[in-house]
Amino acid sequence: MFHSLSRCIVIRMGGAWLLPALIIAGCSSTDCPLNNTVYLSARFYNSSSGAVTNITDTLSVIAGGKNNTLILNRFVNFNQINLPMGYVQTSDTLLFCFKTKAGTVVDQVVVEHTNVPHFVSLDCSTAFFHTITGVSVSPRIPTADFPTAIDSIVILQPEVNYDERENLQIYFSTY
Amino acid sequence: MNERTCRFILVLISSFCLFARLEVNAQNEATVQTPQKVRTTGVQYQSEVDSLALFLQQKPLRFFEGVSVSGDLLGAILYQIANYGQLEGAVRMNIKGTYFPVVELGLGHSDHQDDETDLHFKTSSPFIRIGCDYNLARDKRSGNRIFCGLRYAYTKITYDLTGPDLVDPVWGDHAPYIFNDLKSNVSWGELVFGLEAKIWKIFHVGWSLRYRMRLSQEIPTVGQAWYVPGYGKNDTHNLGGTFNLVFDI
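Being a predicted model, the structure only gives us computed values, none of them experimental.

Considerations on the overall build of chain A
1) Next: What chain A contains, in helices and strands, is one helix and ten strands.
2) Next: The helix and strand sequence of chain A, counted from the amino end, reads α-β-β-β-β-β-β-β-β-β-β.
3) Next: Burial analysis of chain A (175 residues in total) assigns 26% to the buried set.
4) Next: The long-range share in chain A, meaning contacts at least 24 apart out of those at least 6 apart in sequence, stands at 55%.

Structure follows, in structure tokens:
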């Protein structure tokens, strides 16, 4: 009698809790990142003063390659830029096209990087993260016709991911 | 003089006193008074003699009361029907009906493709949990138990992660998304609460709720495993449960 009574009590308690227990079995949640775009972020600086500077010439940026995709079209008076990075190749060629009344001049920037696939969860979109391993720029001296030229580039933060931190400092020299 | 003897004497004396008082009261009072009902917790017997008889039948709990084996029915069902699940068994010792050191072994399995992203995750890896339950029930002999306990768990996982090619929107390249034999290891702790009822002789059923906290994990460059065997969906913490069939051996 004692056993059956205790059993009854325990089973009743068990029954009351069993359903929620079954419902929450394996319950967990994974949040996908709100910002799921990976861009290289660069800011413009004056090579003489070292201060942040605005580009006053009309600037377009083209991703060099088989498609020559236009990334930025005729931007003026700005000091920050987000650039995509290749998923497969480890060297991206970016063409900075400065347009003035005299015509157009191109500075070529090459960004060397690694590509690491990034997975969060099955229900989140995938992406590639990158590590910048090197940057080079074609040398050009500013002139009266083309008064703005890229002087040098400094890698500030080599890791390119969702964080949107400033990765490159692009220094411009002016005529 | 051992404890049983002391208790026996005490029960005898109290029974004698009770009967003697009732006898005196009955003689002194002209009318018989209805005895006042006393609310008692636990199981009541019709007479003290029944209670005493049962008490005498009970043997003291030994230090080592036995071993039981169990299987998790819920994990096995999820293994068959859900995105992930585990086949899990446990061996448990019974120390004085109070402490239950336990080792749980299992094989976690997942083979799931997300409908929206078309990403596919596949693994089949073992896990182990070691811990101890404490029986909160006052009656340690009944076979019905209320548990709380702790676990430390570990798994070494190998998994495959595949998906559609990633198309570079700027340069137009296709990056294959196929990663096989990714390796990781995860350890976690569990807080356990559960109930168990004796159904028939050596057979018990019970369930447990488990709050799991990830303690450490090794993450491959691609990313962490979506599902961790024995843990569930990979997160810093999660909630799970088991429904156990337990056999005393």
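Quick look at the pairing of strand S5 (residues 91–100) of chain A
Residues and elements named next belong to chain A.
1) Next: Taken together, the seven bridges between strand S2 (residues 58–64) and S5 define a ladder with antiparallel strand orientation. If you follow Ser60 over to S5, its bridge partner there is Cys97.
2) Next: Bridge count between S5 and strand S6 (residues 103–118): ten bridges; the pairing is antiparallel. Considered in S6, the bridge of Asp92 is made with Val111.
3) Next: Hairpin remark: S5 followed by S6, antiparallel, with two residues in the connecting loop.

Considering the environment of Asp139 of chain B
All names here are of chain B.
1) Next: Tracing the sequence through the fold places Asp139 in the loop between strand S4 (120–135) and strand S5 (145–167).
2) Next: Taking the number of C-beta atoms within 10 Å as the measure of exposure, Asp139 has 15 and is therefore partly exposed.
3) Next: In this structure, the C-alpha to C-alpha distance between Asp139 and Gly97, residues 42 residues apart in sequence, is 9.0 Å.

Concerning the sheet that holds strand S3 (residues 69–75) of chain A
Residue and element names in this part refer to chain A.
1) Next: Taking strand neighbours across the sheet as the criterion, the six strands line up as S3-S2-S5-S6-S7-S9 in an open arrangement whose pairing is antiparallel. Because the sheet does not close on itself, it has two edges, and the strands there are S3 and strand S9 (159–160).
2) Next: In this structure, S2 lies alongside S3, joined through four bridges in antiparallel fashion. What sits directly across from Val61, in S3, is Leu72.

A short note on unusual backbone geometry
1) Next: Although it is not a glycine, Asn77 of chain A sits at a positive phi angle of roughly 60°.
2) Next: Owing to 10 C-beta atoms within 10 Å, Asn77 of chain A belongs among the exposed residues under this scheme.
3) Next: Residues other than glycine seldom take positive phi values, yet Lys201 of chain B does so here, at roughly 45°.

Here we look at the sheet that holds strand S7 (residues 203–217) of chain B
All names here are of chain B.
1) Next: In space, the eight strands of this closed barrel follow the order S1-S2-S3-S4-S5-S6-S7-S10, with antiparallel pairing throughout. Across the sheet, the mean angle separating the axes of adjacent strands is 25° when strand polarity is ignored.
2) Next: Note: strand S2 (residues 84–95) against strand S3 (residues 99–113), ten bridges, orientation antiparallel. Within S3, the residue paired with Val91 across the bridge is Val103.

Re the nonpolar core
1) Next: Formed by 24 residues in total, the largest nonpolar core has its most connected members in Leu40, Val109 and Ile170 of chain A.
2) Next: For this core, the secondary structure elements donating two or more residues are strand S1 (40–46), S2, strand S4 (80–83), S5, S6, strand S7 (127–137), strand S8 (148–155) and strand S10 (168–174) of chain A.
3) Next: If one sorts the elements of this core by residue count, S1 of chain A sits on top with four residues.
4) Next: Judged by nonpolar contacts, the second largest core, of 18 residues, contains Phe127, Leu161, Trp188 and Tyr231 of chain B.

Quick look at the confidence of the model for chain B
Keep in mind that low pLDDT regions are not for reading the predicted coordinates in detail.
All names here are of chain B.
1) Next: The predicted model of chain B has a mean per-residue pLDDT of 84, with 81% of residues at 70 or higher.
2) Next: When pLDDT is averaged over each element of chain B, S4 comes out on top at 96 and helix H1 (residues 3–28) at the bottom at 51.
3) Next: Model confidence for the complex: the whole-complex pTM is 0.73, and ipTM, which rates the interface, is 0.73.

Let's talk about the pairing of S6 of chain A
1) Next: Relative to S7 of chain A, S6 of chain A runs antiparallel, the two being bridged by ten bridges. The partner of Thr114 of chain A across the bridge, within S7 of chain A, is Thr131 of chain A.

Overview of the confidence of the model for chain A
Residues and elements named next belong to chain A.
1) Next: When the pLDDT values of chain A are averaged, the result is 83; 83% of them are 70 or greater.
2) Next: Here helix H1 (residues 2–23) stands out as the element of chain A with the lowest mean pLDDT, 47, in contrast to S9, whose mean of 95 is the highest.
3) Next: Here residues 1–16 is a poorly scored stretch, pLDDT under 50, and it has 18 contacts once near neighbours within four places are set aside; other chains count.

So, how was this worked out
Residues numbered from 1 in each chain as written. Chains lettered and ligands numbered in written order. Predicted model: local features only at pLDDT ≥ 70, side-chain atom pairs only at ≥ 80, totals over all residues. Helix = DSSP H or I, 4+ residues; strand = E, 2+ residues; numbered from the N terminus. Buried ≥ 20, exposed ≤ 12 C-beta atoms within 10 Å, placed from the backbone. Contact = placed C-beta atoms within 7 Å. Pairing = 2+ DSSP bridges. Axes fitted to C-alpha atoms, helices over the stretch in contact; angles between N-to-C directions. Core = buried A, V, L, I, M, F, W, Y, C linked by C-beta atoms within 7 Å. pLDDT = per-residue confidence, 0-100.

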